[in-house]
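# Structural overview
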Amino acid sequence: KERLEALKLEALQELSGVQSQQELNDLRIKYLGKKGPLTEVLRGMGALSAEERPVIGQVANDVRAAIEAVIEEKQAGYQQQETENRLRAEMIDVTLPGRPSQQGAVHPLSKVIQEIEDIFIGMGYTVAEGPEVEQDYYNFEALNLPKDHPARDMQDSFYITDEILMRTQTSPVQVRTMEKRQGEVPIKIICPGKVYRRDDDDATHSHMFTQIEGLVIDRNVRMSDLKGTLLQFVQEMYGKETRIRLRPSFFPFTEPSVEVDVSCAMCGGVGCRTCKQTGWLEILGAGMVHPRVLEMGGYDPKEYTGFAFGMGVERIAMLKYGIEDIRHFYTNDLRFLKQFL
Ligand SMILES: Cc1ccc(OCc2nc(C(=O)N[C@H]3CCS(=O)(=O)C3)cs2)cc1
């Protein structure tokens, strides 16, 4: 009897010092478990006399009940604590404002390409694309740039092997189209795409930039067709009152060749910072397709004529949006890109 009382005191004493759920479990097993002292006493009951047995049994049960009561109470405490902790952790403050979703934007270069494509598609052109890693033949030879031409030397182009290089213009796509069309007319294509040049990398030059070239081949194509087409293009691009000015120039793949200025969209032609007070901005080159280029492409220059043009998309976008440095297009700075939402 005394042992049971002492056991109860010891158990309650130890339980009062419990600091954690784990300790509580350990004590539960220590005092109430199969190997615990209480089980031992109950197992030893057989050896007691008939009148002692019920008395000890009662005391033993009271001790077990007392220990269980304290354990249950602490257990409930830990449970409550655990529930409160979880509720606090999972609490959602419904009064917080929603997170604004990030809005995407079309890249300014893509916008300008799409705009230019739409204008020419509206004039009956189709869009043609081709490889950026090109053969020397399609990038130079077929464009009337013979092997020894200065434009071909290493300092201007990225050569991969003697015969393979990164294309320096999208003209090879037009050459490939002529080959595919095998003398069939009309050809009316525009060729957008990335081109690669080795010249210095600065605010207005980039090793990689985007070009759009156009090619029309048919019977009886004239310089006046070229002028009318370019005027239509710039007026859809920069506004109805925009004018063009053609200056004589030279390209190996066109004869005659012209450089085309547009009246400055910023000042309407009176002169400003953008057009360096001239009122004019050069945005593209063009000309009548050189007879030798027609011939090499499988078109008889006595039967067919054509015109071609080429423009740098970055330059057009920089003029349209007042962008000072070409490198903004490629550095993926969101502060720049978000302006085109
Ligand atoms: C078969 C073929 C025949 C002729 C062709 O003439 C494409 C042309 N390009 C230009 C031109 O001035 N291009 C420059 C403008 C700025 S830029 O991006 O640096 C390149 C004039 S005529 C193309 C293909």
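Residues numbered from 1 in each chain as written. Predicted model: local features only at pLDDT ≥ 70, side-chain atom pairs only at ≥ 80, totals over all residues. Heavy atoms only, no water.

For the rest of this paragraph, the subject is the site of the ligand. The environment of the ligand is made up of 19 residues, and the closest members are Gln211, Glu213, Phe251, Gly285 and Gly310. The contact in question runs from an oxygen atom of the ligand to an N or O atom on the backbone of Gly285, over 3.5 Å. Protein chains shield 88% of the accessible area of the ligand, which is 570 Å² for the free molecule. Broken down by element, the shell around the ligand gets its largest block of residues, 5 residues, from strand 9 (residues 305-312). Each residue belonging to the shell around the ligand can be placed in one class, and the counts come to 10 nonpolar, 7 polar and 2 charged. (Near = heavy atom within 4 Å. Polar contact = N/O pair within 3.5 Å; in protein donor to acceptor, adjacent residues only side chain to side chain. Areas by Shrake-Rupley, 256 points an atom, 1.4 Å probe, with all protein chains shown as cover. Helix = DSSP H or I, 4+ residues; strand = E, 2+ residues; numbered from the N terminus. Nonpolar A, V, L, I, M, F, W, Y, C, P; charged D, E, K, R; others polar.)

Here we come to the confidence of the model for the chain. For the chain, mean pLDDT is 91; residues scoring 70 or higher make up 100% of the total. As scored by the predictor, the complex reaches a pTM of 0.74 and an ipTM of 0.98. (pLDDT = per-residue confidence, 0-100.)

Looking now at the packing of aromatic side chains. Pairs of aromatic rings are described using the distance from one ring centre to the other and the angle between the two planes. Evaluation of the coordinates by the stated rule reveals 10 aromatic pairs. Ring plane angle 25 degrees and centroid distance 5.0 Å describe the contact between Phe120 and Phe309, whose orientation is recorded as stacked. With a gap of 189 residues between them, Phe120 in helix 5 (residues 108-121) and Phe309 in strand 9 connect regions that are remote in the sequence. Phe309 matches Phe120 in its accessibility class, with the two residues each being buried. Seen from their ring centres, Phe251 and Phe253 are 5.8 Å apart, and the 0 degrees between their planes marks the pair as stacked. Every member of this aromatic cluster is reached through a ring pair, and the members are Tyr321, Phe329, Tyr330, Phe336 and Phe340. (Phe/Tyr/Trp six-rings, centres within 6.5 Å; stacked < 30°, edge-to-face > 60°. Buried < 20%, exposed > 50% of the residue type's maximum accessible area, 1.4 Å probe, protein only.)

Position of Ser263 relative to the elements: it lies in strand 7 (residues 254-263). You can call Ser263 buried: its relative accessible area is 4%. One polar contact links the side chain of Ser263 to the main-chain amide nitrogen of Arg243, over a distance of 2.8 Å. If we ignore the near neighbours within four places in the chain, the residues touching Ser263 are Glu241, Thr242, Arg243, Gly279 and Trp280. (Contact = heavy atoms within 4.5 Å.)

Applying the stated criterion across every chain yields a total of 18 salt bridges. For the salt bridge of Arg86 with Glu82, the shortest nitrogen-to-oxygen distance reads 3.4 Å. Note that Arg86 and Glu82 are positioned in helix 4 (residues 52-90) at a spacing of 4 residues, about one turn of the helix. Judged by relative accessible area, Glu82 falls into the partly exposed class, the value being 44%. Where Lys320 meets Glu115, a salt bridge forms, and the shortest distance between an N and an O atom there is 2.8 Å. Separated by 205 residues along the polypeptide, Lys320 in helix 10 (residues 313-321) and Glu115 in helix 5 bring together distant segments of the chain. (Salt bridge = Lys/Arg side-chain N within 4 Å of Asp/Glu carboxyl O.)

Attention shifts here to the sheet that holds strand 1 (residues 126-127). The strand order 1-4-5-9-8-7-6 describes an open sheet built from 7 strands, whose pairing is mixed. With partners counted over all chains shown, the strands left at the sheet margins are strand 1 and strand 6 (244-251), one partner each. (Pairing = 2+ DSSP bridges.)

Below, the discussion takes up the nonpolar core. By size, the foremost hydrophobic cluster in this structure holds 45 residues, and its most contacted members are Ile116, Phe120, Phe233, Ile283, Phe309 and Met311. The residues contacting Ile116, other than those within four sequence positions of it, are Ile190, Ile212, Phe233, Met237, Met311 and Ile316. Of all hydrophobic cores here, the second largest spans 17 residues; its members include Leu7, Leu24, Tyr31 and Leu38. (Core = buried A, V, L, I, M, F, W, Y, C linked by side-chain atoms within 4.5 Å.)

Once rolled over the atoms, a probe with the size of a water molecule shows which space is left empty. The final tally for this structure, using the stated rule, is 1 cavity of 30 Å³ or more. The computed volume of the largest cavity comes to approximately 30 Å³. Considering the residues around the largest cavity, the lining is formed by Tyr238, Val262, Cys264, Ala265, Met266, Leu281 and Leu319. Of the residues belonging to the lining of the largest cavity, the class tally is 7 nonpolar, no polar and no charged. (1 Å grid on protein atoms, 1.4 Å probe; cavity = no way out; pocket = protein on both sides within 12 Å on 5 of 7 lines; lining within 4 Å. Points joined across faces, edges and corners; volume = space filled by probe spheres on them.)

Attention now goes to the environment of Ser16. Take Ser16: it is sitting in helix 1 (residues 2-16). Of the residues examined, Ser16 reaches a relative accessible area of 51% and is grouped as exposed. Separated by 55 residues in sequence, Ser16 and Ile71 place their C-alpha atoms 9.8 Å apart. A polar contact is formed between the side chain of Ser16 and the backbone oxygen of Gln13, at a distance of 2.5 Å.

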